[in-house]
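# Reading the structure
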Amino acid sequence: MRIGILTSGGDCPGLNAVIRSAVLHGIKSFDDELVGIRNGWAGLIDKDYFELPRQVVRGLARTGGTILGTSRTHPYNAEGGGPKNIKRNMEEMALDALIVIGGEGTLAGAQRLYQDGINLVGVPKTIDNDLRGTDYTFGFDTALSIATDAMDRLRTTGESHHRCMVAEVMGRHVGWIALHSGLSAGAHAILIPEFPTPMEQVSEWVTQVHERGRSPLVVVAEGFIPEGHTDPVAEAGVEASGRPRLGGIGEWVTHQIEDLTGIETRNTVLGHIQRGGAPTGYDRVLSTRFGMAAIDLIHRGHYGRMVSLAGTEIVDVDLDQALAGLKEVPQQRYDEAKVLFGR
């Protein structure tokens, strides 16, 4: 078979490991031809592609980013898109099927294309870990590790100057990175989009810690909305795709804490550093297993499916199941962490 691979949406540690394992498994196990499609759906629409022999993917498991490039082009909204044109382009590229690696938006487009007759399978990709249908997505563990390391460093400078430190991490709609990194770093408050929290309560937790002679650490997800507000209090314009660009809630929280407590407070925004660089060992293994499973799905003819992690096993689920709303932090998990706030 001749199989195309594309990566779409935000970059994520582990993308290259998926590409590598899919290419090696396809060539060695099935004598497939693998084709790399440049810059996500844009490359499929523009027929911008290149061959992927074994030598091109050597050593990619430990490399961050994606050798294919990526974009936020939508397969239906872009000029030249739509199932009729994409199907024609695939025929001209001699592609039998596609492996689509992406998050919610990418896989939603893939689902529509499958329903319109395109042979494809999905691989879940998001550092936010917000996709349903899989226990974990690759990239999340790397983002968690980077955020935890940064917070450990913030703790030492905070303790030296007796300051409160605020760390803003990624998390547009869900707070998995904030929750896990906050727990890992021993944060004294964790603020996430799922649970609006009054700043008076945050200030109380900060004061409790400071009065014991400690330096409080507050972790806030970029999409956090304080109680009493209906929209994000900090936006930084609009992305080219039309999506609001978030960033700045950490600074807002910092000023609120200082105003309410009088405690000197500093803010650090981790931003895109969370999804850059080499993936962790866990993400390399998960990505490798996902890439191999995607090839297996294609050879079984199980199109319209997504590879998935269930416990420690790699399984597959229908794309509908993966897209049935975002996987949010449940109340029980947040309450579990909340026990330690202000302690």
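Residues numbered from 1 in each chain as written. Predicted model: local features only at pLDDT ≥ 70, side-chain atom pairs only at ≥ 80, totals over all residues. Heavy atoms only, no water.

### What to know about the UniProt feature "binding site: ATP" (unreviewed entry) in the protein
- Annotation from UniProt places "binding site: ATP" (unreviewed entry) at Gly10, Arg72, Thr73, Gly103, Glu104, Gly105 and Thr106. Annotated residues spanning 97 residues; largest pairwise C-alpha distance 13.5 Å, indicating a single compact cluster.
- As for its placement among the helices and strands, Gly10 is situated in the loop between strand 1 (2–7) and helix 1 (15–30).
- The residues contacting Gly10, other than those within four sequence positions of it, are Arg72, Lys125 and Arg275.
- Within the fold, Gly103 resides in the loop between strand 4 (97–102) and helix 4 (104–115).
- Residue Gly103 is classed as buried on the basis of its relative accessible area, which comes to 9%.
- In this structure Gly103 touches Lys125 and Leu131, once residues within four positions along its chain are discounted. (UniProt positions renumbered as here; feature names shortened; annotations may be inferred. Helix = DSSP H or I, 4+ residues; strand = E, 2+ residues; numbered from the N terminus. Contact = heavy atoms within 4.5 Å. Buried < 20%, exposed > 50% of the residue type's maximum accessible area, 1.4 Å probe, protein only.)

### A look at the sheet that holds strand 11 (residues 265–269)
- With respect to topology, four strands assemble into an open sheet ordered 7-8-6-11, the strand pairing being parallel. The open sheet is flanked by strand 7 (189–191) and strand 11, the only strands paired with a single partner. Ignoring which end each strand starts from, the neighbouring axes of this sheet average 15° apart.
- Here strand 6 (residues 164–169) pairs with strand 8 (residues 217–221) via five bridges, running parallel. Opposite Glu168, over in strand 8, you have Val220 as the bridge partner.
- Contacts from helix 5 (residues 140–161) reach strand 6, strand 8 and strand 11 within the one sheet, and its direction differs from that of strand 6 by about 165°. (Pairing = 2+ DSSP bridges. Axes fitted to C-alpha atoms, helices over the stretch in contact; angles between N-to-C directions.)

### Here we look at a nonpolar patch on the surface
- Taken together, the side chains of Leu183, Val339 and Leu340 define a hydrophobic patch exposed on the protein surface, amounting to about 250 Å² of accessible area.
- Inspection of the secondary structure puts Val339 in the segment after helix 11 (331–338).
- By relative accessible area, Val339 is classed as partly exposed at 48%. (Patch = residues over 30% accessible without salt bridge, like charges linked within 9 Å, V, L, I, M, F, W, Y side chains within 5 Å. Areas by Shrake-Rupley, 256 points an atom, 1.4 Å probe, with all protein chains shown as cover. Salt bridge = Lys/Arg side-chain N within 4 Å of Asp/Glu carboxyl O.)

### Considering the packing of aromatic side chains
- Per the counting criterion, the structure on display carries five aromatic pairs.
- Centroid distance Tyr136 to Phe140: 5.9 Å. Interplanar angle 25°. Geometry classified as stacked.
- Exposure remark for Phe140: the relative accessible area of 3% places this residue in the buried category.
- Centre to centre, the rings of Tyr334 and Phe341 are 5.8 Å apart; their planes meet at 70°, and the pair counts as edge-to-face.
- Tyr334 gets classed as buried once you look at its relative accessible area, which sits at 2%.
- Each member of the aromatic cluster is reached from another via a ring pair, and the members are Phe195, Trp205, Tyr334 and Phe341.
- The ring of Tyr76 carries the charged tip of Arg112 above its face, separated from the ring centre by 3.7 Å. (Phe/Tyr/Trp six-rings, centres within 6.5 Å; stacked < 30°, edge-to-face > 60°. Lys NZ or Arg CZ within 6 Å of the ring centre and 35° of its normal.)

### A look at the packing of helix 6 (residues 176–185) against helix 11
- Where helix 6 meets helix 11, the axes come as close as 11 Å, and the angle between the chain directions of the two elements is 30°. For the element pair helix 6 / helix 11, the angle class is roughly parallel. Viewed along their axes, helix 6 and helix 11 form a crossing whose handedness is left-handed. Note on element contacts: helix 11 touches helix 6 through Arg333, Tyr334 and Ala337, opposite Trp176, Leu179, His180 and Leu183. (Parallel < 35°, antiparallel > 145°, perpendicular 65-115°, else oblique. Left-handed = near helix turned anticlockwise from the far one by under 90°.)

### What to know about the side chain of Thr7
- Summarising the element assignment, Thr7 is placed in strand 1.
- By relative accessible area, which is 1% here, Thr7 ends up buried.
- Within the local environment of Thr7, its side chain forms a polar contact with the side chain of Thr66, the two groups lying 3.1 Å apart.
- In this structure Thr7 touches Leu15, Ile19, Asn39, Gly40, Thr66, Leu68, Gly69, Thr70, Ser71 and Ile101, once residues within four positions along its chain are discounted. (Polar contact = N/O pair within 3.5 Å; in protein donor to acceptor, adjacent residues only side chain to side chain.)

### As for the pairing of strand 1
- Of all six residues that make up strand 1, six are buried, and the element is covered over most of its length.
- Burial along strand 1 is two-sided: the residues Arg2, Gly4 and Leu6 and Ile3, Ile5 and Thr7 are all buried.
- Where the polypeptide runs from strand 1 across helix 1 and back to strand 2 (residues 33–37), its parallel neighbour, the crossover connection is right-handed.
- Relative to strand 4, strand 1 is paired through five bridges, and the arrangement is parallel. Directly across from Ile5, in strand 4, lies its bridge partner Ile99. (Right-handed = clockwise from strand over helix to strand, strands pointing away.)

### As for the environment of Thr70
- Structurally, Thr70 is set in the loop between strand 3 (49–51) and helix 3 (83–92).
- Sequence-wise, Thr70 and Gly36 are 34 residues apart; in three dimensions their C-alpha atoms are separated by 11 Å.
- Leaving out residues up to four positions away in the same chain, Thr70 has contacts with Thr7, Ser8, Gly9, Asp11, Asn39 and Gly40.
- Of the polar contacts made by the side chain of Thr70, one reaches the backbone oxygen of Thr7; its length is 3.3 Å.

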